[in-house]
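Architecture and fold: a report
Single-letter residue listing:
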Amino acid sequence: MSASRGEFSSRFGFIMAAAGSAVGLGNIWGFPTQTASNGGAAFVLAYLVLAFCLAYPALMAELVVGRYGQANAVASLKKVSNHRWQHPLAFIVGFGGIICAGLILSFYAIVAGWMISFTAEPVAQLAGQNEAANWLTSQSLSRNLLFAGGFILLTVMIISKGVENGIEKWSKRLMPALLAILFALIAYVMSQDGATQGLKNYLLPDFSALFEPALLVSALGQAFFSLSLGTSVMIIYGSYISKSENLVTLGASVTLIDVFIAFVAGLLIIPAMYVAQAQGVEIFDASGKLLSEDTLVFQVLPALFDSMGSAGLYVGFAFFALMSIAALTSSISMLEAPVSYTVEKFGLNRRPATWVIGVLICLVSFTIIFNFEQLFGFVIALTTRFGQPLLGLMCCVFVGWIWHRASLLKEIQSGCPEAANSWFWKIWPWYIKFVCPICISLVFINSLR
Ligand code: PHE
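Owing to the predicted nature of the structure, the values given are computational and were not obtained by experimental measurement.

A few points about unusual backbone geometry
You will see that Ser228, though not glycine, has its phi angle at about 60°, which is positive. Mapped onto the elements, Ser228 comes out in the loop between helix H11 (213-226) and helix H12 (233-239). Look at Ser228 and you get buried, because 29 C-beta atoms sit within 10 Å. With phi around 70°, Ser232 is a residue other than glycine that occupies positive phi space.

Okay, structure coming up:
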């Protein structure tokens, strides 16, 4: 059965693919920016606690549904249901997640397109093409359309190759490359003036800020976005894991890698901001607040790279290449959610299904670009503030309230017999039933205010 629908061929392959989905612009751009605008280390601490205590259990819920169902998100959720009346609900949650993934891809591709054009800019400069370099960093319509479209095309090409030769093969190559570039950049930034002050801000928390509702809301939203929850993505990735694999350690590894990379990205970006500040780039206002969140990556960092002289061209290239790679391993997971559904539901071949959906998402993305002021922020808020928490919550409800506890535990224990004797997995179904939905609802209600 699984041979025809594809399966990850190795544990390493799955971890790279799922961690690739999790690690993206959310970690390397979103997390450091949020940290900087939410008072530094206190946010880091809240994020760590929420990622492990709420997002990890929710991630396990999605993975275990997928592995049990061995099918796309809608079919897997239906399989977990006990009564026919629950099927429409399964459809709403699964299909809602698929739409959410598609919408996220449509704005993600725009930002990823900026990353790619900023990667190309130093190359144009080195080739003496100054006009092209200016165009690459302009906010022009033509540049945005070309690069967002190009990014979606790249995603389509990888996904049309399937699980093992597409997703797994490319994630295994791209993720280690990403780590290597990240560490090289940290080593560079640490050797510069101002870096130590950045480190202090990043690592020494102001405990009084820790319980501010706004900080907790941002930290949980960030954790959900970062672990790709509420988008059907982890359900479908879970469905490609074989029954003999240990789901518990796989989920834990993905969470650890995701949190680790966000943490390491902060180690790069926060000190880099202080280094840039020491070099005269304006980053904070007089009260110490971040001047502009959006400009952090696209203006502040290029300014920092410029100040490095000709070496800056190479550093800039490496940094934006890193961002583009991270974005690509995430975008392939977003496209896989609708593609796997279409292939299994309508019996289409993977290649045509991928192209059709790719074109649809491209059209949505172009619509956003043409109506940027009205739509860009709106789609981001719709998906990340509403869609993801609500759908993630519904997934917990399915696992905690609808699925039979015995069958759920059996699925967890498949490939991980020791879970049968662990207190953690005895508590977990209760946790998913009560604690996760209540906490997610609280944060959600808070975010509406
Ligand atoms: N987790 C990805 C990131 O941090 C974004 C993502 C969201 C990927 C939803 C898939 C689904 O950038």
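Remarks on the site of the ligand
Every one of the 16 residues lining the ligand counts as a neighbour, but Gly24, Gly26, Ser228, Thr231 and Ser330 are closest to it. Among the secondary structure elements, those contributing two or more residues to the shell around the ligand are helix H2 (11-22), helix H3 (25-37), helix H6 (86-126), H11 and helix H15 (310-346). In the shell around the ligand, the residues fall into seven nonpolar, nine polar and no charged.

Quick notes on the confidence of the model for the chain
For the chain, mean pLDDT is 87; residues scoring 70 or higher make up 97% of the total. Across the chain, helix H16 (residues 350-370) holds the top mean pLDDT of 96, while helix H1 (residues 2-5) sits lowest at 49. For this predicted complex, the interface confidence score (ipTM) comes to 0.98, while the overall pTM stands at 0.90.

Let's talk about the packing of H16 against helix H17 (residues 372-402)
Orientation of H16 relative to H17, taken along the N-to-C sense of each, is 125°, at an axis distance of 6 Å. With respect to H17, the element H16 is oriented oblique. Residues Thr367, Ile368 and Ile369 of H16 pack against Phe372, Leu375, Phe376 and Val379 of H17. Here the residues of the contact of H16 with H17 are counted per class, giving six nonpolar, one polar and no charged.

Rules behind the numbers
Residues numbered from 1 in each chain as written. Predicted model: local features only at pLDDT ≥ 70, side-chain atom pairs only at ≥ 80, totals over all residues. Helix = DSSP H or I, 4+ residues; strand = E, 2+ residues; numbered from the N terminus. Buried ≥ 20, exposed ≤ 12 C-beta atoms within 10 Å, placed from the backbone. Near = placed C-beta within 6 Å. Nonpolar A, V, L, I, M, F, W, Y, C, P; charged D, E, K, R; others polar. pLDDT = per-residue confidence, 0-100. Axes fitted to C-alpha atoms, helices over the stretch in contact; angles between N-to-C directions. Parallel < 35°, antiparallel > 145°, perpendicular 65-115°, else oblique. Contact = placed C-beta atoms within 7 Å.

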